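Residue-level structure breakdown
For reference, the chains in residue letters:
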Amino acid sequence: MTDHKRINDPVSSEGFLFREGRREDDAEIRALMKSISMPGPISLTADDDPSFFDAIEIEGHERHTIVVEADRRIVALGLVSKRRMFLNGTPADVGYISNLRADKSVRGRAIVTEFNRFVNQWQNMNFGVPFYLCAILKGNRKAREALAGGRINFAQIKEIGELYNAAIPLLKRPLPKAPAGIRVIRGNALGAKAIAEFLNRTGSKKQFYPVYTTEDIEADGGILRGLKPDDFHVALKGDHILGTIACWNQLPFRRMMVTGYSGFMRWLKPLTVPLTNLLRLAPIPDPGGPFRNAYAACIAIEDDHQDIFHLLLNTMLHSEYNTGKTFLTVSLMEADPLLSVVKKHLHFPLRTCIYAIYRDDLATIHQLDGRLPYIEAGGL
């Protein structure tokens, strides 16, 4: 779905021009994104070639990009999007704030204040969400301190929890044997309609699980851009669906580029070279290369049955070997009972802090029940 609302006229403040991004800004936005690294044991930068505006379709069904100009050059940007997800088992619109980038020459100045003003303006234009989710890498200490410490002027900040991201190497693995009476099929044998119905029925039991439609799964673009029914693995008992998992390859339109290694990864990286050669793995990239990973997406397991999740995950790991990818990234919240299955695999961990940002109405967050959160990491 394309963006269908526009902000008001551009605003000038302290030598900056704040306005909504346009398609003709695409190349300049992508250049800015590539120039700014996100810190951590593996420093990463975003590469959205060939189109930033196509790539951000996965972030929500309505999107607005703020760009900040100085001397007719884009020096900062941020994205506000609207997503449909389950709150207390009921579909609702929730906001998402992402892609916050600022050139080092302008950080710490008036940009944050104006960004807040623009978000408020969209809220007043019936953007109409009760709160916004925001994800920050745990290793990005400065950004987390700025958010939690109140230097970013939002009404209320609540930490939802930590998202545990496990990058599992795509080794050669045997095809797991399914228990008696259970079979695993690919999604195209079942159809997008049945998959969407199962995702919504099962996903509604968790907070923030995306609401999916048949069209989302079948479309070339949109919130599941690049994902097709055949990318799903589905566990069945008779005609009853027990669980799903999908392999989401975003490399054709969105990649994370390695800019450097630090800490334990600095000495570990050289040691991986003979191992990857021996195991015939795609190599871990040198600085300047893409992190060739796919995402485990649309994880929905009836009653959080760990044996079914184990079967589906290992079936997908088996099928993704020798496809040119290095890792499958599986992301679950720390409290999710399925995470114990993931942690049994050799993996590289990365943690992301998930926050909820509230402005005027705090009632919604206090009314959320005790359902476990689920965050679709491929949409971050």
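Residues numbered from 1 in each chain as written. Predicted model: local features only at pLDDT ≥ 70, side-chain atom pairs only at ≥ 80, totals over all residues. Heavy atoms only, no water.

Let us look at empty space enclosed by the protein. Taken as a whole and assessed by the stated rule, the structure comprises 1 cavity of 30 Å³ or more. By volume, the largest cavity is sized at about 40 Å³. Taken together, Ile42, Met265, Ile284, Phe291, Phe327 and Phe348 make up the full set of residues lining the largest cavity. Along the lines of polarity and charge, the residues of the lining of the largest cavity split into 6 nonpolar, no polar and no charged. (1 Å grid on protein atoms, 1.4 Å probe; cavity = no way out; pocket = protein on both sides within 12 Å on 5 of 7 lines; lining within 4 Å. Points joined across faces, edges and corners; volume = space filled by probe spheres on them. Nonpolar A, V, L, I, M, F, W, Y, C, P; charged D, E, K, R; others polar.)

Turning our eyes to something else, we now look at the packing of aromatic side chains. Each aromatic ring pair is specified by the distance between its two centres and by the angle formed by the two planes. Taken as a whole, this structure holds 6 aromatic pairs when the rule is applied. On the numbers, 5.3 Å between centres and 85 degrees between planes, the contact of phenylalanine 52 with phenylalanine 53 is edge-to-face. Residue classification places phenylalanine 53 among the buried positions, given a relative accessible area of 9%. The lysine or arginine in question, arginine 83, covers the ring of tyrosine 96, its NZ or CZ lying 3.9 Å from the ring centre. Across from the ring centre of phenylalanine 253, 5.7 Å away, lies the NZ or CZ of arginine 225, which sits over that ring. (Phe/Tyr/Trp six-rings, centres within 6.5 Å; stacked < 30°, edge-to-face > 60°. Buried < 20%, exposed > 50% of the residue type's maximum accessible area, 1.4 Å probe, protein only. Lys NZ or Arg CZ within 6 Å of the ring centre and 35° of its normal.)

Here the focus is the layout of surface pockets. In this structure, the second largest pocket encloses a volume near 470 Å³. When residues of the lining of the second largest pocket are traced back to their parent elements, those giving at least two are β5 (73-87), β7 (132-137) and α6 (214-218). Classifying every residue of the lining of the second largest pocket gives 18 nonpolar, 6 polar and 8 charged. (Helix = DSSP H or I, 4+ residues; strand = E, 2+ residues; numbered from the N terminus.)

Put simply, the chain has an average pLDDT of 86, and 83% of its residues get 70 or more. Contacts of residues 1-5 to residues separated by more than four positions or lying in other chains number 13 contacts, the stretch itself having pLDDT below 50. (pLDDT = per-residue confidence, 0-100. Contact = heavy atoms within 4.5 Å.)

Note: β5 against strand β6 (residues 90-102), 11 bridges, orientation antiparallel. The partner of serine 81 across the bridge, within β6, is tyrosine 96. Counted along the chain from β5 to the antiparallel partner β6, the turn is 2 residues long, and its residue asparagine 88 has a positive phi close to 55 degrees. (Pairing = 2+ DSSP bridges.)

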